[in-house]
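Chain residues, written in single-letter form:
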Amino acid sequence: MRVRDYSPGDLAACLAVFESNVPEFFHPAEREGFAAFLAALPGPYVVVEDETGALVACGGYAVAPGTATADLCWGMVSRPYHHSGLGRLLLDARLGRIAAHPGLRDVALRTSQLTRGFYERRGFVTEQVLPNGIAPGLDRCDMRLRLPLRNPLIPSGAIPA
Ligand SMILES: CC(C)(COP(=O)(O)OP(=O)(O)OC[C@H]1O[C@@H](n2cnc3c(N)ncnc32)[C@H](O)[C@@H]1OP(=O)(O)O)[C@@H](O)C(=O)NCCC(=O)NCCS
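What this report covers is the structure whose coordinates are included nearby.

1. Observations concerning the overall build of the chain
Line of reasoning, step 1. Regarding its fold elements, the chain presents 4 helices and 7 strands.
Line of reasoning, step 2. Taken from N to C terminus, the helices and strands of the chain fall in the order β-α-α-β-β-β-α-β-α-β-β.
Line of reasoning, step 3. The C-alpha atoms of the chain give a radius of gyration of 15 Å, which matches the 15 Å a tight globule of 161 residues would have.
Line of reasoning, step 4. In terms of overall dimensions, the chain has a C-alpha envelope of 40 × 40 × 30 Å along the principal axes.
Line of reasoning, step 5. Counting every position in the chain, which comprises 161 residues, the buried fraction comes to 44%.
Line of reasoning, step 6. Put simply, the chain shows about 8,300 Å² of open surface, and 55% of that area lies on carbon and sulfur atoms.
Line of reasoning, step 7. Once the 16 positive and 16 negative side-chain charges of the chain are each reduced to a mean point, those two points are 6 Å apart.

The structure is reproduced here in structure tokens:
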């Protein structure tokens, strides 16, 4: 597996990763927002390629000017590859980069009840749940991870001294 920065040529492959998670994890109406996000990235976005060069996961983050919070955005693994460690790889890649930013206080995330448990395993705390807040049947879960990273599950290379 290889993690590298997103480039515009990855657009179709990222949209295919999104589609593979519809309708279980994403509502079809979210596709437009994801495409618009990719067209004007607000921050770093990375992709994961398998041994054949196929794009199997993608995700990024953004730090709004004047804030000390990194927001994780549009993190996803191609549906057939769920539960094979890629989600962890993708999250570690993003947290590693975030850890290199000076002055950040926390990492925020909006996800659904379906993936909330994945992030809780990595130390994120659920602060608020809005039933059907993403779409009917998909609750919006607002989560936060305090920095600096102290979670022993995160590789030491990703933790600032
Ligand atoms: C959330 C997501 C990225 C997890 O990816 P994944 O590749 O399946 O996760 P991994 O295989 O790396 O799992 C890591 C650990 O988390 C656990 N885990 C995975 N998905 C989980 C879930 N939905 N709830 C609870 N635990 C979960 C795994 O069992 C594994 O546990 P272990 O450390 O004991 O082995 C994936 O489900 C996904 O892409 N979902 C669709 C997109 C989405 O909803 N993104 C939300 C943010 S926009």
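2. Notes on the packing of aromatic side chains
Line of reasoning, step 1. As enumerated under the stated definition, the model contains 12 aromatic pairs in all.
Line of reasoning, step 2. Linked through ring pairs, Tyr 6, Phe 18, Phe 26, Phe 34, Phe 37, Tyr 45 and Trp 74 together constitute an aromatic cluster.

3. Quick notes on the side chain of Glu 30
Line of reasoning, step 1. Summarising the element assignment, Glu 30 is placed in helix α2 (residues 30-39).
Line of reasoning, step 2. Within the buried set, Glu 30 has no salt-bridge partner at all; the shortest N-O distance to an opposite charge, 9.9 Å, is to Arg 110.
Line of reasoning, step 3. Beyond its immediate sequence surroundings of up to four residues, Glu 30 is in contact with Phe 18, Phe 25, Trp 74, Ile 134 and Leu 138.

4. Quick notes on the nonpolar core
Line of reasoning, step 1. Counting residues in each nonpolar core, the largest one holds 17 residues, and the members touching the most others are Leu 72, Leu 95, Ile 98, Val 107, Tyr 119 and Phe 124.
Line of reasoning, step 2. For this core, the secondary structure elements donating two or more residues are β4 (69-77), α3 (86-99), β5 (106-111) and β7 (138-146).
Line of reasoning, step 3. Residues contacting Leu 72, with those up to four places away along its chain left out, are Gly 60, Tyr 61, Leu 91, Arg 94, Ile 98, Val 107, Ala 108, Leu 109, Tyr 119 and Phe 124.

5. Structural notes on unusual backbone geometry
Line of reasoning, step 1. Here Val 22 and Pro 23 are connected by a cis peptide whose omega angle stands at 5°.
Line of reasoning, step 2. Looking at the element boundaries, Pro 23 is found in the loop between α1 (11-20) and α2.
Line of reasoning, step 3. The residue after Leu 147, namely Pro 148, is reached through a cis peptide bond having omega 5°.
Line of reasoning, step 4. One non-glycine residue with positive phi stands out, namely Trp 74, at about 45°.
Line of reasoning, step 5. Along the chain, Trp 74 turns up in strand β4.
Line of reasoning, step 6. On the basis of relative accessibility, which here comes to 23%, the residue Trp 74 falls in the partly exposed class.
Line of reasoning, step 7. With a phi angle near 55°, Asn 132 is a residue other than glycine that sits in the positive phi range.
Line of reasoning, step 8. Structurally, Asn 132 can be placed in strand β6 (residues 125-135).

Cut-offs used in this document
Residues numbered from 1 in each chain as written. Predicted model: local features only at pLDDT ≥ 70, side-chain atom pairs only at ≥ 80, totals over all residues. Heavy atoms only, no water. Helix = DSSP H or I, 4+ residues; strand = E, 2+ residues; numbered from the N terminus. Rg over C-alpha atoms; globule rule 2.2 N^0.38 Å. Buried < 20%, exposed > 50% of the residue type's maximum accessible area, 1.4 Å probe, protein only. Areas by Shrake-Rupley, 256 points an atom, 1.4 Å probe, with all protein chains shown as cover. Lys, Arg positive; Asp, Glu negative; His and termini not counted. Charge placed at Lys NZ, Arg CZ, Asp CG, Glu CD. Phe/Tyr/Trp six-rings, centres within 6.5 Å; stacked < 30°, edge-to-face > 60°. Salt bridge = Lys/Arg side-chain N within 4 Å of Asp/Glu carboxyl O. Contact = heavy atoms within 4.5 Å. Core = buried A, V, L, I, M, F, W, Y, C linked by side-chain atoms within 4.5 Å.

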